[in-house]
Amino acid sequence: MDRFPTVLESVRDLNAEQIHWLLGRTQEFKKESKTLSPQNFSARGLCRELRAPIVACTFFAEHSTRTKLSFTRGLQLLGAEFLNFDSGTSSLKKGESLRETFYTIKAMGVNLLIFRCPVSFGLAPFKAQPPFSIINAGDGKNEHPTQALLDLFTMLEQEKDLKGKKIAIIGDIEHSRVSHSLIHLLPLFGAKVVLVGPRFFWPKNPPGPHVEFCESRDEAIKKCDLLYLLRIQTERHAEAELPFSLPEYVKEFGVSYQHLKKIGRLIPLYSPGPANIGVEIDEEAIQSELFVGHTQVENGVFMRMSIMEAMFLKG
Ligand code: CP
């Protein structure tokens with residue numbers, strides 16, 4: 001197998017063999033977590049031989065709940081050392097550059113940075129000569145590769161096989177980084193992606209083959225096997241106003257349990273989180289057996305452990 005990239009910016013940085021390795025390793029970590037008691041589950045003993053002990057720094061220059069905590073939990077379970085960089089109280093606020101901040105962190109012995117930023121392609125200046133290994137934990141509206149990989153793992157776990165499956169991604173596709181990762185990743189496993197939403201949310205760049213567009217939520221629900229629900233990413237909208245009101249959007253594209261029941265399509269509902277309850281999904285649906293979001297979060301810990309281990313594998 002090729003060595004894993006030093007900078008994981010995009011799902012495109014991984015080849016098919018590496019993705020399959022991560023899926024298998026995630027399953028192993030998850031199985032161990034179920035068979036060992038919670039007190040005894042620590043991957044210290046499970047972790048493969050690494051070329052160096054992981055010393056990580058979580059660096060989130062944008063808000064996060066699940067990604068940051070799930071990397072932190074994964075680092076604990078891998079038995080790694082880690083620091084947290086608090087951008088709000090850091091010397092970035094005094095005008096220190098990102099480059100100088102990175103080299104300062106490196107000088108403290110950090111060899112892995114988990115990086116989230118509001119700017120698309122924020123890692124681009126560091127790709128040619130990275131100071132340490134870096135994992136993109138979401139950069140603007142570019143990509144969110146670890147979220148897409150944990151989603152893929154969860155879908156394969158739940159559905160067994162994605163060949164011939166139709167997956168509707170409903171919502172603000174253009175401003176969602178995970179949608180851009182999923183659009184590339186899911187077709188590699190034989191799935192057809194159906195992008196659903198008002199044209200204002202359609203991606204500006206052509207998404208490639210195995211992807212189709214649909215302006216009707218109900219048409220998509222009727223023909224798809226599962227739904228992946230995105231929130232409206234208002235914080236990434238350059239435009240001042242949406243060309244529709246929120247109630248209009250909810251009526252046309254929101255998913256409610258009663259509506260799914262009425263049209264006879266009680267199908268799985270995925271969400272990368274956070275969800276805006278009452279907009280893309282209603283309370284009854286998120287509380288129902290259809291909602292897979294918490295399983296996605298659970299699997300996220302194991303997928304992120306696999307990714308971090310893979311980037312430090314010996315050989
Ligand atoms: N899915 C996701 O990235 O969630 P957070 O913003 O809470 O990390």
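Look a little higher up for the structure.
Report follows, based on the coordinates. (Residues numbered from 1 in each chain as written. Predicted model: local features only at pLDDT ≥ 70, side-chain atom pairs only at ≥ 80, totals over all residues. Heavy atoms only, no water.)

This part covers the side chain of Arg 25. Within the secondary structure layout, Arg 25 lies in helix α1 (residues 16-35). Classification of Arg 25 as buried rests on a relative accessible area of 5%. Excluding residues within four positions of it along the chain, Arg 25 makes contact with Leu 46, Cys 47, Arg 48, Ser 306 and Glu 309. (Helix = DSSP H or I, 4+ residues; strand = E, 2+ residues; numbered from the N terminus. Buried < 20%, exposed > 50% of the residue type's maximum accessible area, 1.4 Å probe, protein only. Contact = heavy atoms within 4.5 Å.)

The 5 strands lie next to each other as β8-β7-β6-β9-β10, forming an open sheet whose pairing is parallel. Edge strands, defined here as strands with exactly one partner in the open sheet, are β8 (211-214) and β10 (269-270). Pairing of strand β6 (residues 166-170) with strand β7 (residues 192-196) involves 5 bridges; the strand directions are parallel. Bridge pairing in β7 links Ile 167 to Val 193. Together, β6, β9 (226-229) and β10 form the strand contacts of helix α4 (residues 145-159), whose direction differs from that of β9 by roughly 155°. (Pairing = 2+ DSSP bridges. Axes fitted to C-alpha atoms, helices over the stretch in contact; angles between N-to-C directions.)

Grouped together as the largest cluster of nonpolar side chains are 59 residues, with contacts concentrated most on Leu 22, Ile 54, Ile 135, Leu 186 and Met 308. Take this core: its biggest share by element is 8 residues, from helix α10 (residues 293-311). (Core = buried A, V, L, I, M, F, W, Y, C linked by side-chain atoms within 4.5 Å.)

Overall, the coordinates contain 14 aromatic pairs when judged by the stated rule. Judged by centre distance (5.6 Å) and plane angle (35°), the rings of Tyr 249 and Phe 253 are tilted. Of this pair, Tyr 249 and Phe 253 both sit in helix α7 (residues 246-253), 4 residues apart, which is roughly one turn of the helix. Each of the two residues, Tyr 249 as well as Phe 253, counts as buried. Put simply, the rings of Phe 59, Phe 85, Phe 102, Phe 115, Phe 126 and Phe 132 pair up and form one aromatic cluster. For Arg 25, the ring lying beneath its charged end belongs to Phe 29, and the centroid distance is 4.3 Å. One cation-aromatic arrangement involves Arg 51 over Phe 312; the distance from NZ or CZ to the ring centre is 5.2 Å. (Phe/Tyr/Trp six-rings, centres within 6.5 Å; stacked < 30°, edge-to-face > 60°. Lys NZ or Arg CZ within 6 Å of the ring centre and 35° of its normal.)

On to α1, then. Between the first and last C-alpha of α1 there are 29 Å, a value that for 20 residues agrees with the 28 Å anticipated at 1.5 Å per step. Within the sequence span of α1, burial applies to Gln 18, Ile 19, Trp 21, Leu 22, Leu 23, Arg 25, Thr 26, Phe 29, Lys 30 and Ser 33. In this structure, the buried side of α1 is in contact with α2 (66-78), α4, α5 (177-185) and α10. Its side-chain oxygen placed 3.2 Å from the backbone nitrogen of Glu 17, Asn 15 serves as the N-cap of α1. (Expected span 1.5 Å × (residues − 1). Polar contact = N/O pair within 3.5 Å; in protein donor to acceptor, adjacent residues only side chain to side chain.)

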